[in-house]
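The chain contents come next:
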Amino acid sequence: MNRIQKITGLAAALGTFLLLAGCGAKEQSGQETPTARQFETEMDENLIAVGFSQVGAESDWRAANTESIQSALTPENGFYLIYEDAQQKQENQFKAIRNFILQEVDYIVLSPIVETGWDTVLQEAKDAGIPVILVDRMAQVDEELYACWIGADFESEGRRAGEWLEQYLKEQGRADEEIHIVTLQGTLDSSAQLGRTKGFAEVMRKHDNWDMLEMRDADFTQAKGQEVMEALLQKYDDIDVVVSENDNMAFGAVDAIHEAGRSCGPDGDITILSFDAVNAAFDAMLSGEINVSFECNPLHGPKLQEIIHALNDGKSVDKIQYMEETYFDTSMDLEELRKTRAY
Ligand code: GZL
Ligand code: ZN
């Protein structure tokens, strides 16, 4: 019995059990419990079974990333995808990976919520002969434990933000002014947080008139971004720049700034630099709430599809595969530019 049949077997057994137990998922969730028949028609053993452990659904970026991967790894493209949302908890990712191993998937795709703690579970996947592909964030493990990594160069995103601020302040004749900065950090120890913080700090070091008042974790969510910004506004009466390590936290910061009776964006007294450049960031720039957003391309699906097919054909693939990315600010024709974007 091959892996696909095992997976459908497992799923069918579960389905039958639920039906027999009379606790028909139908009554509970209102959805049809897939029967073995449905699985068999949907599944054929030639499909490549992929288990995907996603961080969560914490931001617009994450939603676009999930959509890109789910729409690439479809039965039409030769895949059977099992998707698990870890709700931003590493232990849920450990459980998902061990489940995928039990189900004998052909590949595991993992977006590791933080960089540390993966050695044991990725060694288990290796021992089971299941290649792991890391997407989005990096895991600090021996590179023998993953086939390749697709993602963004977070340090260069952070550097690009620092260089943008240099240029912006120069244009404003404020190159030598004392600049007070706060940073809303993403999930601590995530690659995006580590890289963006490090990259911006590299540029910070060149300006002793730039003063980083504080950096605080706001976990990449809008709610936390607002809460942390409220606290920082109460603590510091002179904040000139907010560096927000993703757009959703920036949107929360804008609400906090407005509620405190302050102003932000190109015409405001607080300059906001953000990361991701999701669609809603274009709205925020066009409405003058934030100044700039540094793109982090979430559209990993097509590259992932290519890589898995290559590995399945026994080809080797580059270990590190960076996504292309740029930035967008209020000096650009954003209405035109946004038409070219898929997220
Ligand atoms: C970046 C990704 C980050 C985004 C956030 O690749 O890991 O996680 O910047 C998301 O929006 O929550
Ligand atoms: Zn100041």
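Residues numbered from 1 in each chain as written. Chains lettered and ligands numbered in written order. Predicted model: local features only at pLDDT ≥ 70, side-chain atom pairs only at ≥ 80, totals over all residues. Heavy atoms only, no water.

1. Topic: the overall build of the protein chain
Selection rule: We count a stretch as a helix when DSSP gives it H or I for four or more residues in a row; a strand needs E for two or more, and each element gets its number in order from the N terminus. Note on classification: 1.4 Å probe, protein chains only; a residue is buried when its accessible area is under 20% of the maximum for its type, exposed when over 50%, partly exposed between these limits. Any pair of residues with heavy atoms lying within 4.5 Å of one another is described as a contacting pair. Accessibility throughout is a Shrake-Rupley quantity obtained with a 1.4 Å probe, and a residue counts as covered only by protein chains that appear here.
When helices and strands are counted, the protein chain shows 13 helices and twelve strands. Residue burial in the protein chain is summarised as follows: out of 343 residues, 53% are buried. Within the protein chain, contacts between residues at least 6 apart in sequence are counted, and of these 74% link residues at least 24 apart. When the accessible area of the protein chain is evaluated, it comes to approximately 15,100 Å², of which 48% is carbon and sulfur surface.

2. Quick look at the sheet that holds strand E9 (residues 271-276)
Applicable threshold: Strand pairing is assigned whenever DSSP identifies at least 2 bridges connecting the two strands. Under this scheme, a helix contributes an axis fitted over its contacting stretch, all axes are lines through C-alpha atoms, and angles between N-to-C directions fall in the 0 to 180 degree range.
Pairing is mixed in the open sheet, where six strands are placed in the order E7-E6-E8-E9-E10-E12. A strand with exactly one partner marks an edge of an open sheet, and here the two such strands are strand E7 (210-217) and strand E12 (327-329). This sheet shows a mean twist of 15° between the axes of neighbouring strands, independent of strand direction. Sheet topology note: the strand E6 (residues 179-185)/E7 ladder contains seven bridges and is parallel. When the sheet's bridge partners are listed, His180 is paired in E7 with Asp211.

3. Overview of the sheet that holds strand E5 (residues 148-151)
The parallel open sheet is built from six strands, whose spatial order is E2-E1-E3-E4-E5-E11. Strands at the two margins of the open sheet, each flanked by one partner only, are strand E2 (79-85) and strand E11 (320-322). The sheet shows a mean angle of 20° between the axes of neighbouring strands, taken without regard to direction. Pairing of strand E3 (residues 107-110) with strand E4 (residues 132-136), which is carried by three bridges, proceeds in the parallel orientation. Counterpart to Leu110 in the pairing with E4 is Leu134.

4. Let's talk about the site of ligand 1
Just so we agree on the cut-off: For this description, a residue counts as near a given molecule or strand if any of its non-hydrogen atoms is within 4 Å of it. Here a polar contact is recorded for every N or O atom pair within 3.5 Å, except that within protein the pair must consist of a potential hydrogen donor and a potential acceptor, and residues adjacent in sequence are included only if both atoms are side-chain atoms. Definitions used throughout: a 1 Å grid over protein atoms alone; a cavity as a set of points that fits a 1.4 Å probe which cannot get out; a pocket as an open set with protein on both sides within 12 Å along at least five of seven lines; a lining residue as one with an atom within 4 Å of a point. Criterion for pocket placement: a molecule counts as inside a cavity or pocket if more than half of its atoms are within 2 Å of its grid points. Under this grouping Gly is polar, as are all residues other than the nonpolar Ala, Val, Leu, Ile, Met, Phe, Trp, Tyr, Cys and Pro and the charged Asp, Glu, Lys and Arg. Source of the domain bounds: an automatic or database domain assignment.
Among the 13 residues in the neighbourhood of ligand 1, the closest are listed as Glu58, Asp136, Arg137, Arg196 and Asp276. Between Arg137 and ligand 1, the recorded distance is 2.7 Å, taken from a side-chain N or O atom to an oxygen atom. Within the contact set of ligand 1, an oxygen atom lies 2.9 Å away from a side-chain nitrogen or oxygen of Asn246. Burial of ligand 1 by the surrounding chains reaches 99%, relative to a free accessible area of 320 Å². In a pocket analysis with a 2 Å cut-off to the grid points, ligand 1 is assigned to the largest cavity. For the shell around ligand 1, the secondary-structure elements that each account for two or more residues are helix H4 (60-72) and helix H8 (191-204). Among the residues making up the shell around ligand 1, the classes are represented as five nonpolar, two polar and six charged. The residues that make up the shell around ligand 1 include at least three from each of domain 1 (3-151 + 298-312) and domain 2 (154-296 + 329-338).

5. Overview of helix H5 (residues 90-102)
Formally: Each helix should span, by expectation, one fewer than its residue count multiplied by 1.5 Å. It is the directions from the helix axis to the C-beta atoms whose arc is reported.
Taking 1.5 Å as the rise per residue, H5 with 13 residues should run 18 Å; its terminal C-alpha atoms sit 19 Å apart, in good agreement. All of the buried residues along H5 are Gln90, Gln93, Ala96, Ile97, Phe100 and Ile101. In a view along the axis of H5, the buried residues occupy a sector of 140°, so they form one face of it. Facing away from the buried side of H5 by over 90 degrees, the exposed positions are Lys95 and Leu102. Next to the buried residues of H5 lie strand E1 (48-54), E2, E3 and helix H6 (119-127).

6. Quick word on the coordination of the zinc ion (ligand 2)
Here is the rule we go by: The rule for donors is simple: an N, O or S atom within 2.8 Å of the metal counts, and for Na, K and Ca the reach is 3.2 Å. Water is not among the atoms, so a site may look short of donors. Square planar and octahedral assignments, for four and six donors respectively, both demand that opposite donors be over 155 degrees apart and that all other angles lie between 65 and 115; tetrahedral needs four donors with all angles between 85 and 135 degrees, and anything else is irregular.
Coordination of the zinc ion (ligand 2) by the protein is provided by His180 (ND1), Asp238 (OD), Asp238 (OD) and Asp240 (OD), with metal-donor distances spanning 2.0 to 2.7 Å. In this structure, the zinc ion (ligand 2) is surrounded by four donor atoms whose angles at the metal cover 51 to 147°, and the resulting shape is irregular. Each donor residue of the zinc ion (ligand 2) lies on one chain, and together they are spaced H-x57-D-x1-D. On the criterion of sequence distance, the pair formed by His180 in strand E6 and Asp240 in the loop between helix H9 (222-235) and strand E8 (241-244) is long-range, its members being 60 residues apart. For the pair formed by His180 and Asp240, the shared burial category is buried.

7. Quick word on empty space enclosed by the protein
Any empty space left between atoms is shown by rolling a water-sized probe over those atoms. Cut-off, in case you're wondering: Grid points are joined across faces, edges and corners, and a volume is the space filled by probe spheres set on the points.
A complete count under the given rule lists one cavity of 30 Å³ or more for this structure. Forming the boundary of the largest cavity are 13 residues, of which Trp61, Arg62, Arg137, Phe220 and Asp276 lie nearest the centre. Listed by contribution, the elements that provide at least two residues to the lining of the largest cavity are H4 and H8. A breakdown of the residues in the lining of the largest cavity according to their chemical character gives five nonpolar, two polar and six charged.

8. A word on the packing of helix H7 (residues 154-171) against H8
Condition: In this scheme the handedness of a crossing depends on how the near helix is turned from the far one: anticlockwise by less than a right angle means left-handed, clockwise means right-handed.
Two numbers describe how H7 lies on H8: the axes approach to 6 Å, and their chain directions differ by 35°. At the point where H7 passes H8, the crossing takes the right-handed sense. Residues Phe154, Glu155, Glu157, Gly158, Arg159, Ala161, Gly162, Glu163, Leu165 and Glu166 of H7 lie in contact with H8, whose contacting residues are Ser191, Ala192, Gly195, Arg196, Lys198, Gly199, Phe200, Glu202 and Val203. Class assignment of the residues belonging to the contact of H7 with H8 gives a composition of six nonpolar, five polar and eight charged.

9. A look at the layout of surface pockets
Of the pockets and cavities examined, the largest pocket occupies roughly 230 Å³. Around the largest pocket sit 13 residues that line it, and Glu115, Trp149, Ala152, Phe154 and Tyr322 are the ones nearest its centre. Going through the elements one at a time, H7, H8 and E11 are the ones with two or more residues in the lining of the largest pocket. Looking at which element gives the most residues to the lining of the largest pocket, the answer is H8, with four residues. By residue class, the composition of the lining of the largest pocket is seven nonpolar, two polar and four charged.

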